[in-house]
Amino acid sequence: MATYASRPAWELRARSIPSARVAVPLGLGLLVGLSLLLRTGQMGAGFWIDEGLSVGIADRPLGEIPGALRLDGSPPVFYSLLHFWLGLAGRGESATHTLSLIIALVAIPVAWWGARSFFGGRAGWIAAALAALNPFLTQYAQETRMYALIILLGLVACTCFLRTFAGDDARPARGWPVAFALALAAMLYTHNWTLFFAAASGIAWLVLVRLSPPALRRRRLLDGLLAFGMVLVLYLPWVPTLLFQTAHTGAPWAERPNLRDLLQVPALLLGATGGVVLLLAGGTGFAAVFRTRRAGQLDAASRAVVALAVLAVGTAVIAWVASEISPAWANRYLAVSLAPFLLLAAAGLAAARGVGLAGLALVALLWAFDAPPAQKSNARDLVAGIAPSLAPGDVVVSTQPEQVPVLHYYLPPGLRYATLWGPVSELGVTDWRDGVERMRATSARKDLKPILDSLAPGHRLVLIRPIIYNLGRWQAPWTEQIRLRSEQWNQYVSNDRRFRVTAIEPPSAFPKRPHALQATVLLKTRA
């Protein structure tokens, strides 16, 4: 009888192995294909400011990238990766966007692996679906920036963190602390806001040490010292550059966030309605998870939920507090928080079972129709309108210095460039060093007049200014100076009778985009 009873179970297990080998790649492949359909609508969109900077910095010898970033304020990993990608795929919009798209698609199986390894198969598939459809990731899967990469690395770091500190093994594989250290170091070399994620990781580690069974606490403490010590050693070579950037570049374009900005973080990352659905459905699952307390101790899954909550919320809160002290808040930087939010949502939905699956279906429907915004800048369209009239030797003056790299990308060769503090020779990167102080010291007579005087009769001056349709976005120290100087520079050129306006682009219908520009083309008629 025993033999008869065990035989079907053995046959079932034997059949499940090849079935899983087929079902998993097939299921992930379908999700990747669906994600590909949703994440290619803006592949050919024109570059905006930051994308022009990405290509401008990456399109130089590899050894010069770290030095260029001392002016810009970012770490080097994405730009170095993009450097090699430019050599393979080219400099076009679709070609460079494809790098971010590939990274976003890779995040789907990584999310499956991360959630499955700690919360089970159902959670793995939910996490993969969330990664395939998430609108925040969809937007940055089509931009030549580092945000898709930081999300992918965040998924790896969160998974390795949980495997290191939240499990029940008395001696987890030594490779997990090392893997976590490598993933966190890679994040630090990709975006500076990882410092806030690292701080939240440290808090989550101490929380897990406290929540672990007494027999495991010493091991968890030693594993943390090993992992964070490795991160410090790996990151140490970049610290002098980071300190220089902090002192001289920073984010002068940013304003201090208010409490509403912090409270809106889940909605920004998960969508307004989708976030509410995930909270309600996932909350049911979290209640189920915490009912598994054993003898006053949380089990491994419950500890993992606590850790992910600390990572998700803690990263955003620490970033918010830091931005209150030194303004650096930007919604796109919240990409460092998305990975723990996704894994946390997957764990909650999986534990909620039927309610969770219904919530997932509703979120998937909402997210599928949540298209990313249209082009952020009209730089490409603007250049198409003015480029035919320009010739080598003409001068392009941008009153917004950070627009120079993207303008240079689209404009024909042979032109000269200048900004508020005079001629610009380094066209691929913006020099943010002490930018506000330098800008306040400028004047049209001191910095613009020499450019106008040096232009030979018969050549053209192109004055490019931002279109300001929302005054509230131009109140930070940097943006306020740009707004004021743009008006002054425009008035000064208008008063110079040596110049005659030949074109204005766009002529009247101002495109309401976050980084819209207007160009005035003037011909110098006499010396």
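As a reminder, the structure under discussion sits directly above these lines.
Residues numbered from 1 in each chain as written. Predicted model: local features only at pLDDT ≥ 70, side-chain atom pairs only at ≥ 80, totals over all residues. Heavy atoms only, no water.

**Focus on the state of the cysteines**
Here's step 1: Overall, the coordinates contain zero disulfides when judged by the stated rule.
Here's step 2: The thiol of C158 is not disulfide-bonded; the next cysteine sulfur, from C160, is found 9.5 Å away.
Here's step 3: The class of C158 is buried, set by a relative accessible area of 0%.
Here's step 4: Looking at C160, the relative accessible area reads 3%, which means it is buried. (Disulfide = S-S within 2.5 Å. Buried < 20%, exposed > 50% of the residue type's maximum accessible area, 1.4 Å probe, protein only.)

**Topic: the packing of helix 8 (residues 147-165) against helix 16 (residues 300-325)**
Packed helices, taken two at a time, are described by the angle their axes make and the gap between the axes.
Here's step 1: Relative orientation of the contacting elements helix 8 and helix 16 amounts to 140°, with a least axis distance of 10 Å. In terms of their interaxial angle, helix 8 and helix 16 are classed as oblique. Relative to helix 16, helix 8 is oriented so that their crossing is right-handed. Between helix 8 and helix 16, the contacting residues are C158, F161 and L162 on the first element and A304, A307, L308 and L311 on the second. (Axes fitted to C-alpha atoms, helices over the stretch in contact; angles between N-to-C directions. Helix = DSSP H or I, 4+ residues; strand = E, 2+ residues; numbered from the N terminus. Parallel < 35°, antiparallel > 145°, perpendicular 65-115°, else oblique. Left-handed = near helix turned anticlockwise from the far one by under 90°. Contact = heavy atoms within 4.5 Å.)

**Details of unusual backbone geometry**
Here's step 1: Here the residue pair E505 and P506 is connected by a cis peptide bond, since its omega of -10° sits within 30 degrees of zero.
Here's step 2: Residue position: P506 is located in the loop between strand 5 (499-505) and strand 6 (517-524).
Here's step 3: Phi is positive for R353, close to 55°, though the residue is something other than glycine.
Here's step 4: Here R353 lies in the loop between helix 17 (335-351) and helix 18 (354-368).
Here's step 5: Located in the positive-phi region is D434, a residue other than glycine, with phi close to 45°.
Here's step 6: Tracing the sequence through the fold places D434 in the loop between strand 3 (422-424) and helix 21 (435-440).

**Brief notes about the pattern of salt bridges**
Here's step 1: Applying the stated criterion to the full structure yields 13 salt bridges.
Here's step 2: Of the charged contacts in the structure, one is a salt bridge between D50 and R145, with a shortest N-O distance of 3.8 Å. Separated by 95 residues along the polypeptide, D50 in helix 2 (residues 49-58) and R145 in the loop between helix 7 (135-140) and helix 8 bring together distant segments of the chain.
Here's step 3: Notably, a salt bridge pairs K376 with E143, separated by 2.8 Å at the nearest N-O pair. With a gap of 233 residues between them, K376 in the loop between helix 18 and helix 19 (379-386) and E143 in the loop between helix 7 and helix 8 connect regions that are remote in the sequence.
Here's step 4: By relative accessible area, which is 14% here, K376 ends up buried.
Here's step 5: Here the salt bridges do not stand alone but share partners, grouping K449, D453, D496 and R498 into one network. (Salt bridge = Lys/Arg side-chain N within 4 Å of Asp/Glu carboxyl O.)

**Re the environment of R497**
Here's step 1: On the secondary structure map, R497 appears in the loop between helix 23 (477-495) and strand 5.
Here's step 2: Along the backbone, R497 and V436 are 61 residues apart, and their C-alpha atoms lie at a distance of 31 Å.
Here's step 3: Contacts of R497, omitting those with residues within four sequence positions, involve T525 and R526.

**With respect to the packing of aromatic side chains**
Here's step 1: In total, this model carries 24 aromatic pairs according to the counting rule given.
Here's step 2: Taking the centre distance of 5.3 Å and the plane angle of 70° together, the rings of W193 and Y333 count as edge-to-face. Placement of the pair is W193 in the loop between helix 9 (175-188) and helix 10 (194-211) and Y333 in the loop between helix 16 and helix 17, with a sequence separation of 140 residues.
Here's step 3: For Y333, a relative accessible area of 15% corresponds to the buried category.
Here's step 4: Where W253 meets Y333, the ring centres are 6.1 Å apart and the plane angle is 75°; that geometry is what we call edge-to-face. A residue pair is termed long-range when its members are at least 10 positions apart, and W253 in the loop between helix 12 (239-248) and helix 13 (259-263) and Y333 in the loop between helix 16 and helix 17 qualify at 80 residues.
Here's step 5: Following the ring pairs from residue to residue traces out a cluster consisting of F136, Y140, Y147, W193, F196, W253, W329 and Y333.
Here's step 6: For the cation-ring pair, R438 lies above W421, with the distance from its terminal atom to the ring centre recorded as 3.9 Å. (Phe/Tyr/Trp six-rings, centres within 6.5 Å; stacked < 30°, edge-to-face > 60°. Lys NZ or Arg CZ within 6 Å of the ring centre and 35° of its normal.)

**Regarding the nonpolar core**
Here's step 1: If you look at the biggest cluster of nonpolar residues, it comprises 114 residues, and the most contacted ones within it are F119, L130, F161 and L162.
Here's step 2: If you tally residues by element for this core, the top one is helix 8, at 14 residues.
Here's step 3: Leaving out residues up to four positions away in the same chain, L162 has contacts with F118, F119, G167, A304, A307 and L308.
Here's step 4: Counting 22 residues, the second largest nonpolar core, distinct from the first, contains A379, Y417, I464 and L517. (Core = buried A, V, L, I, M, F, W, Y, C linked by side-chain atoms within 4.5 Å.)

**Some thoughts on the side chain of S100**
Here's step 1: Take S100: it is sitting in helix 5 (residues 93-119).
Here's step 2: Its relative accessible area of 1% is what places S100 among the buried residues.
Here's step 3: Setting aside chain neighbours within four positions, we find S100 in contact with Y140, A141, E143, T144, R145 and A148.

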